[in-house]
Amino acid sequence: MAKIETTFLDFTYLDLLAEGETAVHRLDPRAKVLATAVFIVVVVSFGRYAVAPLVPFFLFPAVVVARGNLPAGFLARKLLFVLPFVLLVGILNPLFDRETALTLGPLAISGGWVSFFSIVLRSILTVGSALVLIATTGFTGICLALERLGVPQPFVVQLLFLYRYIFVLTEEAVRTVRARELRSCGRRGKGVGAFAPLVGTLLLRTWDRAERIHLAMLCRGFRGEFHVRRAYRFGTAETLFTLGWVGVFILFRLVNVSAILGGWITEMLQ
Amino acid sequence: MHMADALLSPAVGGAMWGAAAGAIAYCSRKVRSDLDNRRVPLMGVLGAFVFAAQMINFSIPGTGSSGHLGGGLLLTILLGPHAAFLVIASVLVVQALFFADGGLLALGCNIFNLGFFPAFVAYPLIYRRLVVGRSGGGREVAVTIAAAVAGLLLGALGVVLETVGSGVSALPLSTFVLMMLPIHLAIGVVEGVVTAAVVSFVRKARPEIVESVRETRPLAPFPMRPVLALFFVAALLVGGLLSRFASGNPDGLEWSIARVTGKGELTAPTGGLHGAVSSLQGKLALFPDYRFKQPPAGPKPGDARSGEAERGSGTSVAGMVGGVLTLLTALLIGFVLKRRNTSG
């Protein structure tokens, strides 16, 4: 119960973050979508045992979080919440892959553990960049970017519609769950028998709502597309942002920055 | 069931993105030409309904655990395959962005696994074929369960193939299949029961909703051509990309050859198949060997891409030191920028 409401609150909070007024927020959504897409592809393009070469990629989310004035603690908490699912699959790697991949003094580390850490890093980076994207761009912005990038219009309209009514319907569901909670002692009334009418009623109400919405839309001259107030332009700032970051990602992909830096340090210490 | 980016390779992720994008384009065209625009708000609101319905849990008798509705099959029954596919895809986009349920690169895989199989395989081939007229009752429940199970099992199989094909997880194919299929069989049964219960409730209260959907859909036999074409393209893409991986990996090929010659009966069925398929099998067959392989004296039988593993321990230590330092630097840059941001 409490979990449902925090999930919902997190959702609204992420939505609110996109209302920020920083330079990152003001960028054309296309620039951010493209940069994030390249980022994710480059990060997952590393081999199974890559750990050190992945680390420099933290620069991108770190800079965007800072410039976009996002709450780093909140995003970190969201990440922690997601990690267990990936760890569940990743933790099996050490069981199946026992070749010794590297030795640290007396300690032999198997390939499985190396790839496990690689998976952890990958998931932090990919999930983190997706969260940063939504927190600086907002869902509407992303949808507009998708439409300009060639996604079919019916699908974009579907996304925008879905998003608009998630808040309304989830609030209704939270109320329903709370009402059931108050009337059911222990686990009574939580079986499939009571679930079907509960969800069925919600479905019927949803259906009626859709008809009302349709009538209201017809009254306002709906012709199958959405209009938005905010006009975006792919200008110099956007070009610089996209090309700059893509360049950085390619550089990090080709050059193992961590190894070079580490090489310098260990040489200096000797 | 939602796949994450961390376990995917760009080749598999990209191929599945292509397949999903093709399916979305096809369905969008179909929806635009077929449906009156009364359905536009209905699709959107039903997508939001899936989110809402997933917040309502029910307890599963006998297990003490609780579940929630998946909604793929329910949407398909209410909207028909094309519109339902778009709705499921849109739900997955929102889940990926806001709930980090599945990654952005994995979105293609997830749309395919969770949308394509229920909407274009389970619904037309099982549900539509076997639910005849206004049946209701036991037959309909059984068919709904069968459709839900089929959709989920195919989806789970998709997850397994995409993960193993990506080669980030070291799980052998057989183990992964044994892990995924029983769980999804159980989930499918629950999903089928719940879907049938909701559909029958809706039919009792407002019969015209379920019936009208069924009647407005074109009653012509379901066009299998686009489905097969899509499968073919996806198979080609995945197979081609995987075989490129496998052929760039002499260790893997050597292993698979040794394995195949060691078990003579395996060569007969695989011998005549397409090259892409056999190299896919070679790629898959190399995973079980991880367990039994003794540490050899020669070069390590790790992946050809494992630059890290091939090097001596000296560079590894340097890599770790450098990695920690780089991480600190990246975070420090962020921190400094943040300070400037808030003060300025």
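Residues numbered from 1 in each chain as written. Chains lettered and ligands numbered in written order. Predicted model: local features only at pLDDT ≥ 70, side-chain atom pairs only at ≥ 80, totals over all residues.

**Describing the overall build of chain B**
1) Next: Along its length, chain B carries 15 helices and 2 strands.
2) Next: Taking all 344 residues of chain B together, the buried fraction comes to 48%.
3) Next: Pairs at least 24 residues apart make up 77% of the contacts formed inside chain B by residues separated by at least 6 positions. (Helix = DSSP H or I, 4+ residues; strand = E, 2+ residues; numbered from the N terminus. Buried ≥ 20, exposed ≤ 12 C-beta atoms within 10 Å, placed from the backbone. Contact = placed C-beta atoms within 7 Å.)

**Some words on the overall build of chain A**
1) Next: A count of helical and extended segments in chain A gives 12 helices and 2 strands.
2) Next: Listed N to C, the secondary structure of chain A is α-α-α-α-α-α-β-β-α-α-α-α-α-α in terms of helices and strands.
3) Next: Relative to the 2.2 N^0.38 estimate, which gives 18 Å for 270 residues, the radius of gyration of chain A is 24 Å and therefore markedly larger than a compact globule would have.
4) Next: Of all 270 residues assigned to chain A, the portion counted as buried reaches 43%.
5) Next: A separation of at least 24 residues holds for 77% of the contacts in chain A among residues at least 6 apart in sequence. (Rg over C-alpha atoms; globule rule 2.2 N^0.38 Å.)

**Description of the confidence of the model for chain B**
All names here are of chain B.
1) Next: Mean pLDDT over chain B: 72, with 62% of residues reaching 70 or higher.
2) Next: Considering only residues more than four positions removed or in separate chains, one finds that residues 243-314, a stretch of pLDDT under 50, has 84 contacts.
3) Next: The complex prediction reports pTM at 0.76, with the ipTM value standing at 0.85. (pLDDT = per-residue confidence, 0-100.)

**Some points on the interface of chain A and chain B**
1) Next: With 102 residues of chain A in contact, the opposing surface of chain B contributes 93 residues.
2) Next: Tallied by class, residues from the side of chain A that touches chain B come to 68 nonpolar, 24 polar and 10 charged. (Nonpolar A, V, L, I, M, F, W, Y, C, P; charged D, E, K, R; others polar.)

**Focus: helix α7 (residues 111-137) of chain A**
Every α-helix carries 3.6 residues per turn, so stepping three or four residues along brings you back to the same face.
1) Next: Counted at 1.5 Å a residue, the expected span for α7 of chain A with its 27 residues is 39 Å, and the 38 Å between its end C-alpha atoms agrees.
2) Next: Just past α7 of chain A, the residue glycine 138 of chain A takes up positive phi, approximately 80 degrees. (Expected span 1.5 Å × (residues − 1).)

**What about the packing of helix α9 (residues 153-183) of chain A against helix α4 (residues 81-98) of chain B?**
1) Next: It is the contact of α9 of chain A with α4 of chain B, at a shortest axis distance of 9 Å, that shows an interaxial angle of 60 degrees. Regarding the angle of α9 of chain A to α4 of chain B, the classification is oblique. Where α9 of chain A crosses over α4 of chain B, the two elements pack in a sense that is right-handed. Where α9 of chain A approaches α4 of chain B, its residues Pro154, Phe155, Gln158, Leu159, Leu162, Tyr163 and Ile166 of chain A are matched on the opposing element by Leu86, Val87, Ser90, Val91, Val93 and Val94 of chain B.
2) Next: Grouping the amino acids of the contact of α9 of chain A with α4 of chain B by side-chain chemistry returns 11 nonpolar, 2 polar and no charged. (Axes fitted to C-alpha atoms, helices over the stretch in contact; angles between N-to-C directions. Parallel < 35°, antiparallel > 145°, perpendicular 65-115°, else oblique. Left-handed = near helix turned anticlockwise from the far one by under 90°.)

**Here's the deal with the nonpolar core**
Residue and element names in this part refer to chain B.
1) Next: Formed by 172 residues in total, the largest nonpolar core has its most connected members in Leu46, Phe49, Phe85, Leu86, Val87 and Ile88.
2) Next: Sorting elements by how many residues they give to this core places α4 first, with 14 residues.
3) Next: Excluding residues within four positions of it along the chain, phenylalanine 85 makes contact with Ala23, Cys27, Gly115, Phe116, Ala119 and Phe120. (Core = buried A, V, L, I, M, F, W, Y, C linked by C-beta atoms within 7 Å.)

**What to know about the environment of threonine 22 of chain A**
All names here are of chain A.
1) Next: Here threonine 22 is to be found in the loop between α1 (2-17) and α2 (23-26).
2) Next: Residue threonine 22 is classed as partly exposed on the basis of its C-beta count, with 15 C-beta atoms lying within 10 Å.
3) Next: Expressed as a C-alpha distance, the spacing of threonine 22 and threonine 170, which sit 148 residues apart in the sequence, is 30 Å.
4) Next: Each residue touching threonine 22, except ones within four places of it in the same chain, is listed here: Arg67, Gly68 and Asn69.

**What about unusual backbone geometry?**
1) Next: The residue asparagine 69 of chain A is not glycine, and still its phi comes out positive at about 60 degrees.
2) Next: Within the element layout of this structure, asparagine 69 of chain A appears in the loop between α4 (59-67) and α5 (72-90).

**Concerning the environment of glutamate 191 of chain B**
Residues and elements named next belong to chain B.
1) Next: Note on placement: glutamate 191 falls in helix α7 (residues 173-205).
2) Next: For glutamate 191, a count of 27 C-beta atoms within 10 Å corresponds to the buried category.
3) Next: The sequence separation of glutamate 191 and methionine 55 amounts to 136 residues, and the corresponding C-alpha distance is 15 Å.
4) Next: The residues touching glutamate 191, leaving out its near neighbours within four places in the chain, are Gly70, Leu73, Ala148 and Leu152.

**Quick look at the packing of helix α5 (residues 107-130) of chain B against helix α6 (residues 137-166) of chain B**
All names here are of chain B.
1) Next: Two elements in contact, α5 and α6, have axes whose closest approach is 8 Å; the angle formed by their N-to-C orientations is 150 degrees. One element, α5, and the other, α6, form an angle in the roughly antiparallel class. With respect to the hand of their crossing, α5 and α6 are arranged in right-handed fashion. Along its contact with α5, which presents Cys109, Phe112, Asn113, Leu114, Phe117, Pro118, Val121, Ala122, Tyr123, Ile126, Tyr127 and Leu130, the element α6 presents Val143, Thr144, Ala146, Ala147, Ala150, Gly151, Leu154, Gly155, Gly158, Val159 and Glu162.
2) Next: Here the residues of the contact of α5 with α6 are counted per class, giving 17 nonpolar, 5 polar and 1 charged.

**What about the confidence of the model for chain A?**
1) Next: Within chain A, residue pLDDT values average 85, and 94% of them lie at 70 or more.
2) Next: Confidence, read as mean pLDDT per element, is least for strand β1 (residues 100-104) of chain A in chain A (71) and greatest for α4 of chain A (93).

**Some remarks on α4 of chain B**
Residues and elements named next belong to chain B.
1) Next: Taking 1.5 Å per residue, 18 residues should reach 26 Å; α4 reaches 26 Å between its end C-alpha atoms and fits that length.
2) Next: Within α4, 17 of the 18 residues are buried, leaving the element largely enclosed by the surrounding structure.
3) Next: Looking at the residues trailing α4, positive phi occurs at alanine 100, about 50 degrees.

**A short note on the environment of leucine 243 of chain A**
Residues and elements named next belong to chain A.
1) Next: Residue position: leucine 243 is located in helix α11 (residues 236-254).
2) Next: The partly exposed category is assigned to leucine 243, around which 13 C-beta atoms lie within 10 Å.
3) Next: Along the primary structure leucine 243 and alanine 35 are separated by 208 residues, whereas in three dimensions their C-alpha atoms are 8.2 Å apart.

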